[in-house]
Amino acid sequence: MSVLKHIVDEERDRLKNVIRNYQNKIKEYPKGSLVNKKIRGQFYGYIVSRQGKKIVTKYIGKKDSDDVKNMESTIQERKKLERQLKEAKMNYKEAERFAR
Amino acid sequence: MSKQIKLFNNILTEFDNANVLVEFVLVGSWCQHVYKNSNEYNYIMQQASTLTTMDIDLLVPDKNKVKTEADVPEILKRLDFIEDRKINGLIKYGNADLGLDFLTELKGKAQKDVIEIEKLKVNAEPLRFMDILGDNNIKVHFDNLEINIPEPAAFVLNKFITSQRRPKKEKREKDIRTAKEYYYILIKDENERKKLKDIFNGFPKGWQNTLKKIFLENGIDKKDFE
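Quick summary incoming for the structure in this document. Just so it is clear, the model here is predicted, and its values are computed rather than measured.

### Regarding the overall build of chain A
Counting its secondary structure elements, chain A contains 2 helices and 3 strands. Start at the N end of chain A and walk to the C end: the helices and strands fall as α-β-β-β-α. Projected onto the principal axes, the alpha-carbon positions of chain A cover approximately 70 × 30 × 15 Å. For chain A, the proportion of its 100 residues judged to be buried stands at 33%.

If you want it as structure tokens, here you go:
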């Protein structure tokens, strides 16, 4: 039984590292969501994020510009990492339950 | 566990698609899964247990013999792996379901603790006794792929000899338990019994003496190797 417990403990430690690495990686990405605003018949892309209690809107560019497309894929990547982080946290909780 | 098995198969398939699978020897506990499910060994390994950890270990026996150039970290990124940089510069990979480590053979005492495998854009941790696995590997058919794994006899002898260097009691116990189980399976088979003997007799005398001591402690008849 101690062998099995050791495997679970190792997995818990591994997941702890994975969670830390995901969290650090996510910090490298811009926060917020990309929104398109229509101004005088034209669409423009903005990043909307929360900074404390304030909602901050930052202009990126015209809707079809490379800047907006790049930002869109960057945000998608961040969201993917956030989903993986969530999964790793769930697995960590499961490993904790087994380890008890 | 089925999720891990699926991911394991995906990793092998992606590496195979990039023609890079051939550069690795799968070592560690995931070998047991391959032995059991390979065309070549499932006839003797059907009853063997497969207590796999969540780490896949891939051995690059000799960086100078790597022929293929590939961006392995990019392949792993596509499979949602994230880098885990250690203080000494070693990079391991992990995601919510599995970890992946690259290993290589430790050659001499003065070797660095991280070896760059430039052609694959990864680095590897050199470990002692990996040459047992690297020098005695065999290509098997598994899940429509061809994969290099250590001969089961080499796997067993490696487990026995590394067990004595494990600082943690639980790891030592796990190594011995696995080695003994596989050893008792292998000695029932004429070919595998011969391989155990041949590999053992090819070891330096010091290793043979260490192994004899381990055999004695674990009730294994050293005559099987004479």
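Structure's up, so let's keep going.
### What to know about helix α1 (residues 2–17) of chain B
All names here are of chain B. The first and last C-alpha atoms of α1 sit 22 Å apart over 16 residues, in line with the 22 Å expected at 1.5 Å per residue. Among all positions of α1, only Q4, L7, F8, N9, I11, L12 and F15 are buried. Within two residues after α1, N19 carries a phi angle of roughly 60°, on the positive side.

### Some words on the pairing of strand β5 (residues 99–105) of chain B
The two faces of the sheet receive side chains in turn, since in a regular strand these alternate between them. Residue and element names in this part refer to chain B. The element β5 is extensively covered by neighbouring structure, given that 7 of its 7 residues are classed as buried. Across the two faces of β5 the burial is the same, with G99, D101, L103 and E105 and L100, F102 and T104 all buried. Two elements, strand β2 (residues 55–60) and β5, share 6 bridges in a ladder whose sense is parallel. Within the sheet, the bridge partner assigned to I56 lies in β5 and is L100. With 2 bridges joining them, strand β4 (residues 91–94) and β5 adopt antiparallel strand pairing. Residue G94 lies in a different strand from β5, and its bridge partner there is G99. Two successive antiparallel strands, β4 and β5, enclose a turn made up of 4 residues. Taken together, the 3 bridges between β5 and strand β7 (residues 122–127) define a ladder with parallel strand orientation. Residue pairing for β7: L103 is matched across the bridge by E125.

Scoring rules and cut-offs
- Residues numbered from 1 in each chain as written.
- Chains lettered and ligands numbered in written order.
- Predicted model: local features only at pLDDT ≥ 70, side-chain atom pairs only at ≥ 80, totals over all residues.
- Heavy atoms only, no water.
- Helix = DSSP H or I, 4+ residues; strand = E, 2+ residues; numbered from the N terminus.
- Buried < 20%, exposed > 50% of the residue type's maximum accessible area, 1.4 Å probe, protein only.
- Expected span 1.5 Å × (residues − 1).
- Pairing = 2+ DSSP bridges.

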